Amino acid sequence: MRRTRLWIFPCAVAVIVGGASLIGLGMKDDSGGAGGGVLPRALTFGEDKPTASPTPTGPSPEELAAQERAKRTKALDAALKKYAATVPEFSVAVLDKKTGQRYSYRGSEKYDTASIVKVQVLACMLLKAQDAGRDLSSSQLSLAKRMIRLSDNNATTSLFNQLGKSTAVSKCNKRLGLSQTVVSNSWGLTRTTVNDQVKLLSELVDKAGPLDADSRKLTFTLMNTVDDSQDWGVPIVAKAGETTTVKNGWDTRSKDGGLWAVNTVGRVTLGDDVNVSVAVLSHNNKSMDGGIALVQKVAKMTRQYLKY
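Reference entry: report on the structure contained in this document. Each residue is numbered by its place in its chain's sequence as written, counting from 1. With pLDDT at 70 or above as the cut-off, local features in this predicted model cover only qualifying residues; side-chain atom pairs require 80 or more to be listed or tallied, and sums for whole chains, interfaces and linings still use all residues. Hydrogens and water are ignored here; the side-chain numbers use all heavy atoms of the structure.

This brings us to the packing of helix 4 (residues 153–163) against helix 5 (residues 165–175). Two numbers describe a pair of packed helices, the interaxial angle and the distance between the axes. Orientation is described by lines fitted to C-alpha atoms, with helices fitted over the stretch in contact, and by angles between N-to-C directions that extend from 0 to 180 degrees. Only DSSP runs of H or I with at least four residues qualify as helices, and only runs of E with at least two residues qualify as strands; both kinds are numbered from the N terminus onward. Relative orientation of the contacting elements helix 4 and helix 5 amounts to 75°, with a least axis distance of 7 Å. Classified by the interaxial angle, the pair formed by helix 4 and helix 5 is roughly perpendicular. Across from Phe160, Asn161 and Leu163 in helix 4, the residues of helix 5 making contact are Lys165, Ser166, Ala168 and Val169. In this count, Pro and Cys sit with the nonpolar residues alongside Ala, Val, Leu, Ile, Met, Phe, Trp and Tyr, while Asp, Glu, Lys and Arg are called charged and the others, Gly among them, polar. A class-by-class count of the residues in the contact of helix 4 with helix 5 yields four nonpolar, two polar and one charged. Angles are sorted into four bins: roughly parallel if under 35 degrees, roughly antiparallel if over 145, roughly perpendicular if 65 to 115, and oblique for all others. Contact between two residues is taken to exist if any of their heavy atoms lie within 4.5 Å; hydrogens are not considered.

Right, here's the structure in full:
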């Protein structure tokens, strides 16, 4: 075994310990034999270096992202609650398909659909045609275009009746995963929630969902080309270059004292970067314009705080 020789030159080394004791230097060979006193670690020689303390591990990127989302959600909750104290009743939901994150404020409150139910009617007509192994007839396609692009009520009634009214649409809603929507034979009085509406919007584009590629394409095309007079609501949140789809609903009736229900549902997309569904429902608005201002303000707040 190789041994390390340590030469001691005549000198005196004194270490003051506790202000009193002297410790003489010794040496210890590789065989383990004792050679005198043991130096404190801070005064030893050679390759035996102090071990560095381990670096503490912080939150993972996923944990940090979750913390940031929770912070944004809390801030949006507070902002919406403050706004709600000054305006008629509303609810809002957001589904970000890119991240899988969902947000809702009063998500299970039911409202009259007014004309947003027309998206359900379209989806159910397309599923009925798929089941029969065919496309929509030319007449049905013409009615669908008027129903979505112009919000034509007569066209809607015709398609609703062809489906089999509330019984058929209710059955269809189960296929679409809508568990909080109650269909009325007076289709505009169908009751729904924002949670169900973002679910429906998601099903319209889900490749693994019930609608086939042709049905998804037609739905997108119609909701992306509504008449300019109806291009309000969700599209207000879009940035330059982003694509939007929308269907709005508005109605007033004597039962509500002539007050307005104003609703908007739609999507905002940009390649792989943005893929968001938004639904805002409201009622008891004093005017249609006031309702539009409300739902657009709420939609913009979701983007401001959630930063999708």
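After that view of the structure, there is still more to cover.
Within the secondary structure, tryptophan 232 is located in the loop between helix 7 (213–223) and strand 5 (243–252). A relative accessible area of 9% places tryptophan 232 in the buried class. Measuring from C-alpha to C-alpha, the distance between tryptophan 232 and alanine 293 comes to 9.6 Å, with 61 residues separating the pair along the chain. Setting aside chain neighbours within four positions, we find tryptophan 232 in contact with Val246, Asn248, Gly249, Trp250, Val262, Asn263, Thr264, Met288, Ile292, Val295 and Gln296. Throughout this description, buried means an accessible area under 20% of the type-specific maximum (1.4 Å probe, protein chains only), exposed means over 50%, and partly exposed covers the range between.

A few words on helix 1 (residues 61–84). In this model helix 1 runs 34 Å from its N-terminal to its C-terminal C-alpha over 24 residues, within 8% of the 34 Å that 1.5 Å per residue would give. All buried positions along helix 1 are accounted for by Leu76, Ala79, Leu80 and Tyr83. Along its buried surface, helix 1 packs onto strand 1 (90–96), strand 2 (101–105) and helix 8 (288–306). Expected span of a helix: the number of residues minus one, times 1.5 Å.

Below, the discussion takes up the sheet that holds strand 7 (residues 274–285). Strand pairing requires that DSSP identify at least two bridges connecting the strands. Taken in spatial order, the five strands make up an open sheet running 2-1-7-6-5, and their pairing is antiparallel. Looking at which strands have only one partner, the edges of the open sheet turn out to be strand 2 and strand 5. Between one strand and the next, the sheet's axes are offset by a mean angle of 5°, whatever the strand orientation. By the bridge criterion, 10 bridges tie strand 5 to strand 6 (residues 260–270) in an arrangement that is antiparallel. Bridge assignment links valine 246 to a residue of strand 6, and that residue is glycine 266.

Inspection of the secondary structure puts isoleucine 116 in the loop between strand 3 (111–112) and helix 2 (117–131). A relative accessible area of 0% places isoleucine 116 in the buried class. For isoleucine 116 and tryptophan 250, which are 134 residues apart along the polypeptide, the C-alpha to C-alpha distance reads 8.5 Å.

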